[in-house]
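# A structural walkthrough
Okay, here's what each chain looks like letter by letter:
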Amino acid sequence: MNLDVSDDDTLLAALPHPWWVANDDQLLLRRQSSPERLEDAIAPEHWAEFQRRWQEGIETRRPWGLQLQWLGRWHWLAMQPLQNELWLGILTDISALKAAEAQLHEADAVWKLALEATGDGVWDWYIQSGVELYSPGFLRIYGYAADDIPPSPEAMDALTHPDDRAQMALDRADHFEGRSAIYRNEHRVRCKDGSWKWILTRGMVIARDAQGQPLRMVGTHTDITERKSSETLAWRAANFDALTDLPNRRLLAERLDHDLKKGQREQLRVALLALDLDHFKAVNDSLGHDAGDALLRQAAARIKACVREVDMVARLGGDEFVVLLSELGEGPAVVERVAGALVHSLGQPFELGLQSAQVSCSIGVALYPDDAPDAATLFKRADQALYSAKAEGRDGYRYFTRSLQEAARSRARLGDELRLALARHEFRLRFQPIVMRERGLPPEAEVLLRWQHPMLGLLGPDSFLPLAESTGLIHEIGAWVLKQSAAQLTQWRRELAPDLRLALNLSGTQLRQWGLSVTDWATRLGQFSLPGQALVLDLREAQLRDPQLQDLFKLPALRAAGFSLALDDFGSGDSALACLSHPGLGQIKLARPLIQALRPDSRSDRWITALTELAHAEGLHVIAKGVEQASQARLLWELGVDGLLGQHLAPAMDAEAFSRWLQER
Ligand SMILES: Nc1nc2c(ncn2[C@@H]2O[C@H](COP(=O)(O)OP(=O)(O)OP(=O)(O)O)[C@@H](O)[C@H]2O)c(=O)[nH]1
């Protein structure tokens with residue numbers, strides 16, 4: 001990169017060294033304490049080399065440097081290309097060092113030669129003057145010429161691999177501070193041709209000042225590239241399976257050990273899935289061993305595609321694989337999703353050249369810490385579960401623990417039933433009125449979803465919505481809720497209460513997906529011609545702040561679709577008052593715990609008073625949720641709350657009962 005130096009020399013004047021600026025023809029245009037011509041400053045014996053390097057510099061336009069005698073003293077000349085074909089020359093006086101070097105030269109030369117004879121390169125670092133010298137053998141290792149590298153430790157550090165620098169600095173500091181007798185470090189150095197070489201450096205401080213600060217350090221570089229690459233090869237051979245390139249049993253054991261320790265520390269679950277292909281032997285027998293190999297390789301890729309990057313897939317040998325799922329936040333639901341995906345994926349036909357083959361797989365699942373306290377037992381339990389899966393007809397997964405197995409079965413069954421529930425018209429809507437303080441405020445009700453299960457009876461959302469989320473059914477169910485609510489609301493507004501509003505609670509997943517097609521659902525709701533704000537969307541604070549949803553709430557289409565926003569469960573956890581000024585917000589709904597703690601002159605009492613005043617100042621209505629007692633209701637009215645929601649005041653009812661409630665109002 002060429003530097004841009006402006007005509008005024010303020011920047012250059014700040015340099016701690018003499019400098020000059022010349023054009024390509026060596027005409028000095030600006031200078032600081034230099035003679036008018038370069039040939040008057042540079043010693044004649046360096047002139048030819050200087051000219052050679054100058055021509056090279058013009059061709060490459062890259063920085064270069066040279067040791068030379070300038071006005072009779074040894075200097076390091078660093079040349080930097082500037083814009084407009086100009087050059088900046090900066091001079092560092094190294095004559096003291098040269099003198100010392102000359103003095104030591106004779107003695108040094110002997111041991112440096114001796115060291116070089118071993119094939120190593122030698123470095124010699126004058127710590128306090130910041131100069132480092134390199135032997136010819138040192139430069140030869142990397143293919144550099146004498147003047148390619150400025151004589152400074154920074155120049156060498158810049159050629160060190162970034163990943164290795166931190167450890168090198170630590171090892172160096174250990175030696176400087178006397179914690180290690182010899183400085184020793186392995187790192188990579190960039191060669192002139194751009195490749196990297198692994199080297200072992202060893203060194204020692206050989207002079208310190210009166211305060212014990214290091215003055216001079218010498219050491220060697222030994223090329224260990226070959227050893228490193230054979231070490232890497234040996235490590236791969238010891239830890240990876242040659243056929244599939246997956247980690248083998250040994251690496252798996254190491255990782256499992258690490259994950260169990262972490263699991264114990266952070267109270268996280270770990271799942272071990274032992275997977276074995278079913279009737280794989282038949283593929284070998286009918287299509288040949290090579291086809292069997294190809295199938296195993298494809299199976300490995302399919303297994304990896306079913307898990308996250310952080311999970312480990314290992315091959316133990318033959319057609320046996322292991323999947324290690326760590327940091328299981330959501331618990332068994334994730335295991336089931338992965339196990340289900342594995343069974344499905346490995347059940348698809350494999351294309352093996354001109355032929356194809358189909359197998360299935362059996363999986364045994366064991367969980368830490370539920371099933372086993374240590375790695376060995378966990379392996380054993382997963383194997384036992386795999387044995388059961390095989391015994392029970394293969395092509396499926398099985399938990400080691402009976403209760404987990406039962407729970408998985410009933411979740412799977414419930415998932416199947418949930419899939420059918422929409423078609424079988426088993427979902428029901430319930431409407432719970434919000435009792436308003438003033439008759440002038442429009443009547444409003446919250447919409448609640450229930451599932452009329454043929455065997456289990458009426459189920460609340462907690463027992464099926466998480467399943468709907470994890471299976472993706474939430475989108476269809478949500479669309480149904482919205483459509484039903486809009487249709488019902490249109491009818492009631494026409495026949496019973498023209499200003500009635502319904503409040504809906506949609507999941508984050510659903511909102512995110514719908515957010516993308518907001519015009520879509522605006523059009524869909526358009527069929528019902530509901531006026532603005534007829535539907536209230538209940539949002540929790542996290543949703544209101546979710547960056548992926550921001551645009552949705554700003555969209556005029558949302559209002560055009562007939563929605564206003566309510567901030568749900570306000571005052572639970574760490575609510576931020578800033579949320580109250582969110583545009584589009586019409587209501588806040590105070591969280592249940594705040595209402596349950598309500599007593600006259602209590603903290604909750606003061607909180608509700610303050611929040612209500614603040615919300616009113618922002619033009620928002622305040623609804624209290626979970627009002628269970630008449631005394632709470634009285635107090636809340638006194639505090640200025642606009643509406644109350646509670647079983648005690650008005651329970652959730654079906655459409656027919658809610659119609660009657662509207663009529664009797
Ligand atoms: N192609 C190939 N086959 C292998 C390799 N290693 C083991 N095998 C064969 O894989 C088969 C695995 O045996 P099993 O798992 O007992 O046989 P299976 O037919 O899958 O039987 P089930 O697991 O009981 O369904 C044996 O026939 C082994 O010879 C390999 O690297 N490549």
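Residues numbered from 1 in each chain as written. Predicted model: local features only at pLDDT ≥ 70, side-chain atom pairs only at ≥ 80, totals over all residues. Heavy atoms only, no water.

### Concerning the packing of aromatic side chains
The condition that has to hold: Centre distance within 6.5 Å is the pairing criterion for rings of Phe, Tyr and Trp, where only the six-membered ring of Trp is used; planes under 30 degrees apart are then read as stacked, over 60 as edge-to-face, and the remainder as tilted. Numbering goes from the N terminus for both helices and strands, where a helix is a DSSP run of H or I of at least four residues and a strand is a run of E of at least two. Whether a residue is buried, partly exposed or exposed follows from its accessible area with a 1.4 Å probe, protein chains only, as a fraction of its type maximum: under 20%, in between, or over 50%, in that order. The criterion is that NZ of a Lys, or CZ of an Arg, lies within 6 Å of the ring centre and within 35 degrees of the ring normal, and then a charge sits over that ring.
This structure, assessed with the given rule, holds 18 aromatic pairs. On the basis of an interplanar angle of 70 degrees and a centroid distance of 6.4 Å, the ring pair of Trp123 and Tyr183 is categorised as edge-to-face. In this pair, Trp123 sits in strand β6 (residues 121–126) while Tyr183 sits in strand β8 (residues 183–190), placing the two residues 60 residues apart along the sequence. Note on accessibility: Trp123 and Tyr183 belong to one class, buried. Taken together, the aromatic side chains of Trp47, Phe50, Trp54, Trp64 and Trp87 make up a single cluster linked through ring pairs. One cation-aromatic arrangement involves Arg236 over Phe240; the distance from NZ or CZ to the ring centre is 4.1 Å. It is Arg302 that lies over the ring of Phe350; its NZ or CZ is 3.6 Å from the centre.

### Re the sheet that holds strand β1 (residues 19–23)
For clarity, the cut-off: The rule for pairing is simple: two strands pair if DSSP sees at least two bridges between them. Axis lines are fitted through C-alpha atoms, for helices just across the contact stretch, and the angle between N-to-C directions can take any value from 0 to 180 degrees.
Ordered in space as β2-β1-β5-β4-β3, the 5 strands form an open sheet in which the pairing is antiparallel. A strand with exactly one partner marks an edge of an open sheet, and here the two such strands are β2 (28–31) and β3 (64–70). Direction aside, neighbouring strands of the sheet carry axes that sit 25 degrees apart on average. Where strand β4 (residues 73–81) and strand β5 (residues 86–93) come together, 7 bridges link them in antiparallel fashion. What sits directly across from Trp76, in β5, is Thr92.

### Structural notes on the site of the ligand
Put simply, the test is: The nearness test applies per residue and asks whether one of its heavy atoms lies within 4 Å of the molecule or strand. Side-chain atoms alone can form a polar contact between residues adjacent in sequence; in general such a contact is a pair of N or O atoms within 3.5 Å, and within protein one must be able to donate a hydrogen while the other accepts it. Per-residue and other accessible areas follow the Shrake-Rupley method at a 1.4 Å probe size, with only the shown protein chains counted as cover for residues. Residue polarity follows a fixed list, in which Ala, Val, Leu, Ile, Met, Phe, Trp, Tyr, Cys and Pro are nonpolar, Asp, Glu, Lys and Arg are charged, and the others, Gly among them, are polar.
Looking at the ligand, there are 16 residues lining it, with His279, Asp293, Asp319, Lys390 and Arg394 nearest. Between the ligand and the protein, one listed contact pairs an oxygen atom with a side-chain N or O atom of Asp276 at 2.9 Å. If the ligand stood free it would expose 660 Å²; the protein chains cover 67% of that surface. The set of elements that each furnish at least two residues to the shell around the ligand consists of β11 (270–278), α9 (280–287) and α10 (289–305). If you tally residues by element for the shell around the ligand, the top one is α10, at 4 residues. Here the residues of the shell around the ligand are counted per class, giving 3 nonpolar, 5 polar and 8 charged.

### Some words on the nonpolar core
Definition in use: By nonpolar core is meant a set of buried Ala, Val, Leu, Ile, Met, Phe, Trp, Tyr and Cys residues that side-chain atoms within 4.5 Å join together. Throughout, a residue-residue contact means that at least one pair of heavy atoms, one from each residue, lies within 4.5 Å.
Core analysis: the largest hydrophobic core is formed by 64 residues, its most contacted members being Leu418, Ile588, Ile608 and Leu636. Per-element accounting of this core gives the leading share, 7 residues, to helix α15 (residues 474–495). Contacts of Leu636, omitting those with residues within four sequence positions, involve Ile595, Leu598, Ile608, Ala624, Val627, Val641 and Leu644. Of all hydrophobic cores here, the second largest spans 37 residues; its members include Leu273, Val307, Ala357 and Leu367.

### A word on the sheet that holds β6
By way of backbone hydrogen bonds, the strands of a sheet pair with one another, either parallel or antiparallel. One open sheet holds the 5 strands; their spatial order is β7-β6-β10-β9-β8, and the pairing between them is antiparallel. Strands at the two margins of the open sheet, each flanked by one partner only, are β7 (131–134) and β8. Direction aside, the axes of adjacent strands within the sheet are offset by 25 degrees on average. Pairing of β6 with β7, which is carried by 4 bridges, proceeds in the antiparallel orientation. Note on β7: the bridge partner recorded for Trp125 is Glu132. Across the face of the sheet, helix α6 (residues 162–176) comes into contact with β6, β8, β9 (196–208) and β10 (214–223) while running at roughly 155 degrees to β8. Contacting β8, β9 and β10, helix α7 (residues 225–239) crosses the sheet at an angle of about 125 degrees to β9.

### Focus: the environment of Leu346
Looking at the secondary structure, you find Leu346 in helix α11 (residues 332–346). Through-space distance from the C-alpha of Leu346 to that of Val359 is 7.0 Å; in sequence the pair is 13 residues apart. Those residues within four positions of Leu346 in sequence are excluded, and the remaining contacts are Leu275, Leu277, Ala299, Arg302, Ile303, Val359, Ser360 and Cys361.

### Quick word on the confidence of the model for the protein chain
Filter applied, for reference: pLDDT gives the predictor's per-residue confidence on a scale running from 0 to 100.
Taken as a whole, the protein chain shows an average pLDDT of 86; of its residues, 91% reach a score of 70 or greater. The element-level mean pLDDT for the protein chain is lowest in helix α17 (residues 518–526), coming to 62, with strand β13 (residues 320–325) highest at 97. Confidence over residues 1–6 falls short of pLDDT 50; this stretch has 15 contacts with residues more than four positions distant or in other chains. The ipTM assigned to the predicted complex is 0.95, against a pTM of 0.50.

### A look at the pattern of salt bridges
Test applied: What counts as a salt bridge is simple: a side-chain nitrogen of Lys or Arg found within 4 Å of a carboxyl oxygen of Asp or Glu.
Inspection of every chain in the model, using the stated rule, returns 39 salt bridges. Between Glu39 and Arg37 there is a salt bridge, with its nearest N and O atoms 3.7 Å apart. Of the residues examined, Glu39 reaches a relative accessible area of 39% and is grouped as partly exposed. Classification of Arg37 as partly exposed rests on a relative accessible area of 46%. With a closest N to O distance of 2.6 Å, Arg269 and Asp370 form a salt bridge. Of this pair, Arg269 sits in the loop between α8 (249–266) and β11 while Asp370 sits in the loop between β16 (360–368) and α12 (375–391), and the two are 101 residues apart along the sequence. Look at Arg269 and you get partly exposed, because its relative accessible area is 24%. Connected through salt bridges with shared partners, the residues Glu49, Arg52, Arg53, Glu56 and Asp147 form a single ionic network.

### What about a nonpolar patch on the surface?
Defined as follows: To count toward a patch, a residue needs a relative accessible area above 30% and no salt bridge. Like charges then connect within 9 Å, nonpolar side chains (Val, Leu, Ile, Met, Phe, Trp, Tyr) within 5 Å.
Residues Ile182, Met204 and Ile206 make up a contiguous nonpolar surface patch of roughly 280 Å² in combined accessible area. Along the chain, the position of Ile206 falls in strand β9. Note on Ile206: relative accessible area 47%, which makes it partly exposed.

### Remarks on the packing of α10 against α11
Selection rule: Relative orientations are named as follows: roughly parallel for angles under 35 degrees, roughly antiparallel for angles over 145 degrees, roughly perpendicular for angles from 65 to 115 degrees, and oblique for any other angle. Each crossing gets its hand from how the near helix is turned against the far one by less than a right angle, where anticlockwise is left-handed and clockwise is right-handed.
Interhelical geometry of α10 versus α11 gives an angle of 150 degrees and a closest axis separation of 9 Å. When the interaxial angle is binned, α10 and α11 end up roughly antiparallel. Handedness of the α10/α11 crossing: right-handed. Only Leu342, Ser345 and Leu346 of α11 make contact with α10, whose side of the interface consists of Ala299, Arg302 and Ile303. Broken down by class, the residue content of the contact of α10 with α11 amounts to 4 nonpolar, 1 polar and 1 charged.

### Some points on the side chain of Gln587
Note that Gln587 resides in strand β24 (residues 585–590). A distance of 2.7 Å separates the side chain of Gln587 from the side chain of Glu444, its partner in a polar contact. Excluding residues within four positions of it along the chain, Gln587 makes contact with Glu444, Arg501, Val536, Leu565, Ala566, Leu567, Leu620, His621 and Ile623.

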